[in-house]
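Residue-level listing of the chains:
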Amino acid sequence: MKIIKYFILISIISTQLLAQNAVIRGRVYDQKNNNPLPFVNVIVVGQQIGAASDLDGNFLITGLEPGFYTLMASFIGYKVAYSAEIQVNNVKSVFVEIPMEQQAIEFEQVTVRPSEFKKKIDAPLSIQKIRLSDIEKAPGANRDISKVIQSFPGVGSTVSFRNDIIVRGGGPSESRFFLDGIEIPNLNHFATQGASGGPVGIINPDFIESVDFYSGAFPASRGNALSGIFDFQQKSGNRERTNRRAVVGASEIAYTMDGPFGKNSSYLFSVRRSYLQFLFDAIGLPFLPTFNDYQFKSETIFDQKNRLVVLSLGALDQNRLNLSIEDPDEGQQYILNYLPESDQWNYMIGASYTHFMGKSFQTYVLSRNMLNNESYKFRNNDDSNPDNKIQDYVSREIENKFRFENTWRDRGYKVTLGGGLEHVKYNNATYQELFVNNALFIKDYSSDLTFFKYSLFGQVSKPIFRDQLTLSGGLRVDANNYSKSMANFLDQLSPRVSASYILTKNLNLNASIGRYYQLPPYTSLGYRDADGTLINKVNNLSYIAADHLIGGIEIITGIDTRIVIEAFYKHYDKYPFSVNDSISIASKGGDFGTIGDEEVVSTGKGRSYGFEVSGRYRVFNDLSGLYSYTFVRSEFENAVGKYIPSSWDSQHILTLTMSKPLKNNWQVGTKWRFVGGLPYTPYDLDKSALVTAWSTQGRPFLDYYRFNTNRLNDFLQLDVRVDKTFNFQRWSLLVYLDIQNALNSQSEQPDIIIPETDANGNYIIINPNDPFVEQLYQLKRIPSSSGTLLPTIGITVDF
């Protein structure tokens, strides 16, 4: 009881004495040339607090309570502008920059309702702004941006322990990710090579200011994506003093620093290390993952017209089997039998230099990223005999990239022109025992691949009819010298057009049509057959194409609330089609390991279509959240040209989040998510029972003749989170309790199939003494499900 009383006393003291000491510093400037804007009125949205910018465009706002805020800037001759959402506390001041766009003054200009949902002139629809509070306070996410994304419209999900990014029925390999305009190859630790999934996000949320999530109407400057683009804007380091943050989360500990670096520079730096291996070992899980990562950003402002940003991000991931489990049960033994051990590391380092001129600015981006992926497996996990090795995989992907963009603005026009050049190197050394066409097959090859990729792009956008109608048209071309089938720019001609019409001050009509291209995974480009031939090059492997048609309405209900309804249709062409399995690889990538390292042909066709209803709401001034409903069908043709459900055909996705602040710096939040059951493929039990077949992979084989003919049950999950913040003179403390799957809901999974064992633990063979037929295991079926009530406690200290 004394501890509870002390806890309450500290809470009251910290709230009453230090309630209004937070400070926001910032700068307002013209977005086309970076010139400072003096005498701009800057106010805190929802507060009677504000300031005016000085001759250098700088402003200072004091007297704020700790929390999340958005700033609004207004100035004659410019459109009203809103900042990204920012978080302030008593420990440090926050610096925010607000770009403003000139607006011609017309007597009959259309009146629109003020809203922080600023439309991007070159992408007026199918874009969501993910705020800082969405990341920091999301129930069930534990500050993992990969999980936060799943609350937004059109985003599907697979099993609870993976973060596959599935957008509007597209596969997990169809999205691209950018940090401050620099592309990063992976969003998750333990990434599936050739896709996007993994169990834990790689980006430290302490760096994130906001995220622009595109599910369509992609800008021409962003290529090689079919379903989603995620553009992460990072914070700048503090320019006055060094600040520190220590975090103990659900799976890792983290340490972050930011501060000034010389006269004109600032930096952010963080390191994280997981302790999952200790938790998993304590509760008897059969695998022990460990991840480490670092993240770095520096920003140097040479003068008003020149700016340099340098980024780096890297990870080291290891997964080991927990062979120390005594008397593992059937479920544990099943995982131990098939799961390989793995080592994976990756990094990205890049620089972005921006030069401002009178009506334009140029951006030069240079970066390098590398992925090293290794996995190995021994039969019965016995590595004492080299002949027991059934898998040995080592692969590297290296990209060196350069991109140039010139953005020009004048008289309402926005024109973007640019191009890119990439040098790619891919290495692969594979040994794997497979059972193909009812016979043992050894996949044993090495591959070294080097080629160049190049692109050109341009986009013109302009509001017309007194800004009532905004039009944008873009064109992009991509090519490479991997093969003749991909070398011609005209074969990858990627046009896109979008329009937004202001029907009333609260209602917008939006539409977009476009064609987008994506290169097949490097694992497919570098695959070699038994003769060492790049068989997919011989098969004229091509870029994947997707045609998008999107239309919708946007209803502005308040400064920070809105309703969006959109319908979409995507048609896929030239998708890599597996020769052995007779399915599109669009349905692969939802498991650990790799996809695409097999013979494929560019004959796959598919489609996804549906509609979304989403929005942000605020009631009673302080109860707010997100809601989204998505109806989606995702289908791809089989070998005979018939459309069948893809592995991402969830049909119905419904998410509702709620957040409410309480007295004395308490906050409670919930997330309710319903996901329709996904299709799955039955097992080929006859093939799986073969002793020779089973020994190659330690788990059953799928019956691809009946691909995705079964469907799992629907799944419902409730997550709850409670936060308490303590603010002191020189430091602050946040403690939260996050309860994932508070109702302990169980998600149906395909049954586990294992060979039965005798009293001595040996597999039972049905016909051990018949020399004229292949030996068969006696198989056993075990019902399977996923979903565990998982309470976790997190602690964040700022000092």
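Refer to the structure printed above.
Residues numbered from 1 in each chain as written. Predicted model: local features only at pLDDT ≥ 70, side-chain atom pairs only at ≥ 80, totals over all residues. Heavy atoms only, no water.

Here we look at the sheet that holds strand β10 (residues 127-130)
Rules: What makes two strands pair is DSSP finding at least two bridges between them. Runs of E in the DSSP output that reach at least two residues are strands. Runs of H or I that reach at least four are helices, and both are numbered from the N terminus. Helix axes are fitted to C-alpha atoms over the stretch in contact, other axes to C-alpha atoms as well, and angles between N-to-C directions run from 0 to 180 degrees.
Sheet architecture is open: 5 strands sit in the order β10-β17-β18-β13-β14, paired in mixed fashion. Since the sheet does not close on itself, it has two edges, and those belong to β10 and β14 (182-184), each with one partner. The mean angle between the axes of side-by-side strands here comes to 25°, regardless of whether they run parallel or antiparallel.

Considerations on empty space enclosed by the protein
Note the threshold: In the cavity and pocket records, a cavity denotes points on a 1 Å grid over the protein atoms alone where a 1.4 Å probe fits but cannot get out, a pocket denotes an open set with protein on both sides within 12 Å along at least 5 of 7 lines, and lining residues are residues with an atom within 4 Å of a point. Grid points are joined across faces, edges and corners, and a volume is the space filled by probe spheres set on the points. In this classification, Asp, Glu, Lys and Arg are treated as charged, Ala, Val, Leu, Ile, Met, Phe, Trp, Tyr, Cys and Pro as nonpolar, and every other residue, Gly included, as polar.
By the definition in use, this model includes 8 cavities of 30 Å³ or more. Of the volumes computed, that of the largest cavity is approximately 790 Å³. Where the lining of the largest cavity is concerned, the elements lending two or more residues are β13 (175-179), β14, β25 (360-378), β26 (389-410), β27 (413-436), β28 (439-464), β29 (469-480) and α6 (522-525). With 5 residues, the single largest contributor to the lining of the largest cavity is β26. Residue classes in the lining of the largest cavity are distributed as 18 nonpolar, 16 polar and 10 charged. Roughly 100 Å³ of internal volume is contained in the second largest cavity. Forming the walls of the second largest cavity are 14 residues, and the residues nearest its centre are Q128, F152, G615, R616 and L626. Only β10, β33 (561-578), β34 (600-619) and β35 (623-637) provide two or more residues apiece to the lining of the second largest cavity. Class assignment of the residues belonging to the lining of the second largest cavity gives a composition of 6 nonpolar, 5 polar and 3 charged.

Description of the packing of aromatic side chains
We apply this condition: Note on aromatic pairs: the rings of Phe, Tyr and Trp (six-membered ring only in Trp) are paired at centre separations within 6.5 Å, and the planes decide the class, stacked below 30 degrees, edge-to-face beyond 60, tilted for the rest. Relative accessibility thresholds used throughout: buried, under 20% of the residue-type maximum; exposed, over 50%; partly exposed, between the two (1.4 Å probe, protein chains only). Placement of a positive charge over a ring is assigned whenever Lys NZ or Arg CZ falls within 6 Å of the ring centre and within 35 degrees of the normal to the ring plane.
The full count for this structure, using the stated rule, is 26 aromatic pairs. Aromatic pair F451 and Y482: ring centres 5.8 Å apart, planes at 65°, arrangement edge-to-face. One end of the pair, F451, is in strand β28; the other, Y482, is in the loop between β29 and β30 (493-502), with 31 residues separating them in the sequence. Both residues of the pair, F451 and Y482, count as buried. Against the face of F178 rests R222, its NZ or CZ located 4.6 Å from the ring centre.

Quick notes on unusual backbone geometry
We note that N381 has phi near 55°; this positive angle belongs to a residue other than glycine. Structurally, N381 can be placed in the loop between β25 and β26. A positive phi angle, near 50°, is found at R411, a position not held by glycine. Along the chain, R411 turns up in the loop between β26 and β27.

A short note on the sheet that holds strand β2 (residues 41-44)
Taken together, 4 strands build an open sheet; the order of strands is β3-β2-β6-β7 and the sheet is antiparallel. The sheet is open, and its two edges are formed by β3 (50-52) and β7 (81-82), each paired on a single side.

So, the pattern of salt bridges
Keep this limit in mind: The salt bridge definition used is simple: a Lys or Arg side-chain nitrogen within 4 Å of an Asp or Glu carboxyl oxygen.
If you walk through the whole model with that rule in mind, you get 56 salt bridges. One salt bridge connects E405 with R403, and the closest N-O pair in it is separated by 2.7 Å. Of the two residues, E405 and R403, both sit in the buried class. As a salt-bridge pair, D573 and K605 come within 2.7 Å of each other at their nearest N and O atoms. Of the two residues, D573 sits in strand β33 while K605 sits in strand β34, which places them 32 residues apart along the sequence. Overall, the relative accessible area of 23% leaves D573 in the partly exposed class. We classify K605 as partly exposed; its relative accessible area is 30%. Three or more residues joined by partner-sharing salt bridges are found here, namely R176, E183, E399, K401, E422 and K453.

Regarding the nonpolar core
The line we're drawing: To define a nonpolar core, start from buried Ala, Val, Leu, Ile, Met, Phe, Trp, Tyr and Cys residues and group those joined through side-chain atoms within 4.5 Å. Contact between two residues is taken to exist if any of their heavy atoms lie within 4.5 Å; hydrogens are not considered.
Of all hydrophobic cores here, the largest spans 30 residues; its most connected members are I203 and F232. Where this core is concerned, the elements lending two or more residues are α3 (145-148), β13, β14, β17 (208-214), β18 (228-234) and β23 (306-321). Ranked by the residues each element gives to this core, the list is headed by β23, at 4 residues. Residues in contact with F232, not counting those within four places in the same chain, are I145, F177, F178, L179, D180, L187, I203, I208, S210 and V211. Among the nonpolar cores identified, the runner-up in size contains 24 residues, and M486, Y522, L541 and Y575 belong to it.

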